[in-house]
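So you can see what is in the structure, the chains are spelled out below.
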Amino acid sequence: MNRWRRSVGEIQARRRQVSECEQAQAALGKVIACFQQMTTCMGSNTDSSSLREELEETRTLAHRICTGLHRRLLALLVETEQGQEDREQVERLWVLFLCCLESFQQDLRRVSTLEEIFPLTQRKDRQALVNTGAVGGGPEVAARAAIVKMPWVTGDGEQRPDMRGHVLEIDGLIQEMLQRVNIPLWSVEPMQKAWAEACKDGQDEEDTLEAMMEVEVVSQANRAFGCCSHSNCRLGCIFCLLN
Amino acid sequence: MTIKLIRDHGQHYRPRMACLKKVEALVIEMQDPKSGVKSFEQKRNATSIPHVIAGQDITAWITSHMTVDAQEAQALGTMLVAYGFIYPLQDPKTLILRPDGSLYRCQTPYFWPAQKWKAQDTDYAIYLAKRNIRKKGILDQYEQERYRKLHKWLNHKWDFIVNQAKEQTRAGKARMKSDRVVFSYQERAYWIVHRPPPQTHSAMDYGVDRLIDPNAEEVKGEAYTLIWCRVPSVLLIVLLSCSSSLVKHTMTYQSHDPFLTPCLPSNPWQTDDDTYWALNMPDVDLPTKMTVERWSYGFYELLRDPRGRADFRLFLKKEFSGENLAFWEAAEELKWGAASAISEKAETIFKTFLAPGAPCWINIDGRTMGLTVKGLQHPHRHVLDAAQNHIFMLMKKDTFYRYLKSPVYKDIQKKAISPAPHNFTDAQLEQNARNRKPGLYPSVTWQRQQKEKVRTTTLIDIKKLMANKLDRQ
């Protein structure tokens, strides 16, 4: 009787941990998406030192979630053996976590390159920023990222690594994860079907977005499409030997 | 996590794309508020989006800033659009610069092409999913096809992709309406460059991945390195020996290279007029001046060209020393011919050229002769190599220069034709394209070659000739 009660308690504790990890995974996905939206503003006319600061804060948040999630997922994997109900879910979370890390690392690499091209240290650097037509973009997205809540409390005073160090750290993390745990990536079945994300709600608003993207084509007299004035040219590109 | 292939023969590096850095610098200069391109606002449905530039302004700025003429400015501008640094608003799938009032906008640096990273399939899948979320059924046919394929290949990541698509859409909704429009323009332009629609060409296409990482440190040395790229039909072996001989070779052959100098009368691939090929057939009576000039570059060039070899044979016939060339040709035939015919050919060659008292006895030194005769007892493809090389050097050092000074060569130099370049109008080009006919069958040319060979290889029997002369006396 005692043993049964203990194992039920264990199962419940594990379920709670797994749901915590799922929430953390969702939070990580949100933070990474916000980070990506903010990096698209880098180097453009909306770039500013405040945007850079917000990027740093978002990066710190992501770093905290990553380390916590990594530790907990590893512990869960060690605990559960093959064949138990939660194992499949934990494996799925593991693979999703790897994908998130990879995507985040790519964005971080881009950010470090863009920081080199567009340093905002001097006033004249502002002239080099590309006029892209955007007007705002940094603050709202950053606010969205900042309200992401982690399901656990980090009492640890972890040091925030700098950009390059962070990239290398993630690299090492991914390598370690792949070597330590032997989960084949293709054994994970997705829960979403193809085309399932297209749904009815929210489409009226987006219709206007599509309508706004349509710009009238300036009517051309002779040319249907072609890169040069040669009548045989049907290529829409510059690599045309008929010139 | 991306599943990586192992069996790629080590070829997973992108080549150098030095042009991208230079174009980046140009685009940054365009942004200068004082001396850059003037931009204006695009007004749509009571919102206005700034920083739109017109095609003619771009071409005018490039013309003045880089001091080039209008045609080159147009080409440069098209390059900017093709690489994705500037995107068109009105006809987004055609990546050219129209020098009229068409509208363009600069791409944000996040979406600039870079040598270091490729556009990833995962990101493309997220983009397609985002568009799907925005409006069902908006994907084009080819995009739906790619979506299906990506769903199959990236199946293990599909949850992540859908999740990211939803999160990115929600994050985008936090922004202002005009910014969302701009971002969707930018994304669409990026993916048109990096995942081009079918039957269009992407400027980022570079063929096969390379074996050597261009970003790695180079080891500079004088030794020559072999660079082998696994391009399907062409084997590229580039010898990087001391550069002066390469420069000399390039300067000599510059006028003969159809990529560098337009070939006379006209390039048949471009104008559909095959006079060039007809003038360079191996059995033509009068060769072109270019061919004749090429014979004087080196002995091997002369031998390589069948018309040149025929001419050389004529010269040797006059000099009564045709046995050298005949031996060289027979040795070539042995080397490249069928394995079953080797012993037979070896015997004929021995009887004709090498045996003491043979009708066409060649004059090689005693050591080579001894080696060759010994080797001919067990003939293989390369028995005659030593003798052939000796004869080749003999001909090259002695006979070749006499040939170049001979009346035969000078005669042919005078008679050689130098065709005038064609200047076809567009109507004539279309006419040519319509009048295209199939060329000669290879079997016909081969039969002609065989007939020619039979006609010319009636070897002059020296003994009989001397006997005739003695008889007459």
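What counts, and at which threshold
Residues numbered from 1 in each chain as written. Chains lettered and ligands numbered in written order. Predicted model: local features only at pLDDT ≥ 70, side-chain atom pairs only at ≥ 80, totals over all residues. Heavy atoms only, no water. Buried < 20%, exposed > 50% of the residue type's maximum accessible area, 1.4 Å probe, protein only. Helix = DSSP H or I, 4+ residues; strand = E, 2+ residues; numbered from the N terminus. Pairing = 2+ DSSP bridges. Axes fitted to C-alpha atoms, helices over the stretch in contact; angles between N-to-C directions. Parallel < 35°, antiparallel > 145°, perpendicular 65-115°, else oblique. Contact = heavy atoms within 4.5 Å. Nonpolar A, V, L, I, M, F, W, Y, C, P; charged D, E, K, R; others polar. Patch = residues over 30% accessible without salt bridge, like charges linked within 9 Å, V, L, I, M, F, W, Y side chains within 5 Å. Areas by Shrake-Rupley, 256 points an atom, 1.4 Å probe, with all protein chains shown as cover. Salt bridge = Lys/Arg side-chain N within 4 Å of Asp/Glu carboxyl O. Buried area = accessible area lost by both parts, 1.4 Å probe. Polar contact = N/O pair within 3.5 Å; in protein donor to acceptor, adjacent residues only side chain to side chain.

What about the pairing of strand β2 (residues 47-54) of chain B?
Residues and elements named next belong to chain B.
Here's step 1: Buried residues dominate β2, accounting for six of its eight residues.
Here's step 2: The sheet contact formed by strand β1 (residues 40-44) and β2 spans four bridges and is antiparallel. Of the residues in β2, the one forming a bridge with Arg 44 is Thr 47.
Here's step 3: Connecting β1 to the next strand, β2, in antiparallel fashion are two residues, including Asn 45 with a positive phi near 50°.

A short note on the packing of helix α17 (residues 385-405) of chain B against helix α18 (residues 407-415) of chain B
In a packed pair of helices, the relevant descriptors are the angle between the two axes and the axis-to-axis distance.
Residues and elements named next belong to chain B.
Here's step 1: Two elements in contact, α17 and α18, have axes separated by 5 Å at closest approach and are oriented at 50°. By the angle between their directions, the pair α17 and α18 is classed as oblique. Counted together, Tyr 403, Leu 404 and Lys 405 of α17 and Pro 407, Val 408, Tyr 409 and Lys 410 of α18 form the full contact between these two elements.
Here's step 2: Here the residues of the contact of α17 with α18 sort into five nonpolar, no polar and two charged.

Topic: the sheet that holds β1(B)
All names here are of chain B.
Here's step 1: The antiparallel open sheet is built from four strands, whose spatial order is β1-β2-β4-β3. The outermost strands of the open sheet, each flanked by one partner alone, are β1 and β3 (86-88). Geometrically, the sheet is characterised by an average inter-axis angle of 55° between neighbouring strands, direction not taken into account.
Here's step 2: With two bridges joining them, β2 and strand β4 (residues 103-106) adopt antiparallel strand pairing. Note on β4: the bridge partner recorded for Ala 54 is Leu 103.
Here's step 3: Relative to the sheet, helix α7 (residues 177-194) contacts β1, β2, β3 and β4, its axis offset from that of β3 by approximately 100°.

Regarding the environment of Tyr127(B)
All names here are of chain B.
Here's step 1: With respect to the helices, strands and loops of the structure, Tyr 127 is situated in helix α4 (residues 121-134).
Here's step 2: Note: C-alpha distance between Tyr 127 and Arg 188 (61 residues apart in sequence) is 8.8 Å.
Here's step 3: When residues no more than four places from it in sequence are discounted, the contact partners of Tyr 127 are Glu 187, Arg 188 and Trp 191.

Re a nonpolar patch on the surface
All names here are of chain B.
Here's step 1: A cluster of nonpolar side chains, namely Leu 440, Tyr 441 and Val 444, defines an oily patch on the protein surface of about 310 Å² accessible area.
Here's step 2: Looking at the element boundaries, Leu 440 is found in the loop between α19 (426-434) and α20 (442-456).
Here's step 3: Residue class for Leu 440 comes out partly exposed when judged on its relative accessible area of 45%.

Describing the interface of chain B and chain A
For an interface, size is often stated in terms of accessible area lost upon the parts coming together.
Here's step 1: With 87 residues of chain B at the contact, the number on the chain A side is 83 residues.
Here's step 2: Overall, the association of chain B and chain A removes approximately 7,900 Å² of surface from exposure, summing both partners, and the carbon and sulfur fraction of that is 58%.
Here's step 3: The partner of Asp159(B) in a salt bridge is Arg92(A), and the shortest N-O contact between them spans 3.0 Å.
Here's step 4: The interface formed by chain B and chain A contains seven residue pairs in polar contact (both at pLDDT 80 or more).
Here's step 5: Looking at the side of chain B that touches chain A element by element, the count peaks at 13 residues for helix α6 (residues 158-173) of chain B.
Here's step 6: Taken together, the residues that form the side of chain B that touches chain A break down as 34 nonpolar, 26 polar and 27 charged.

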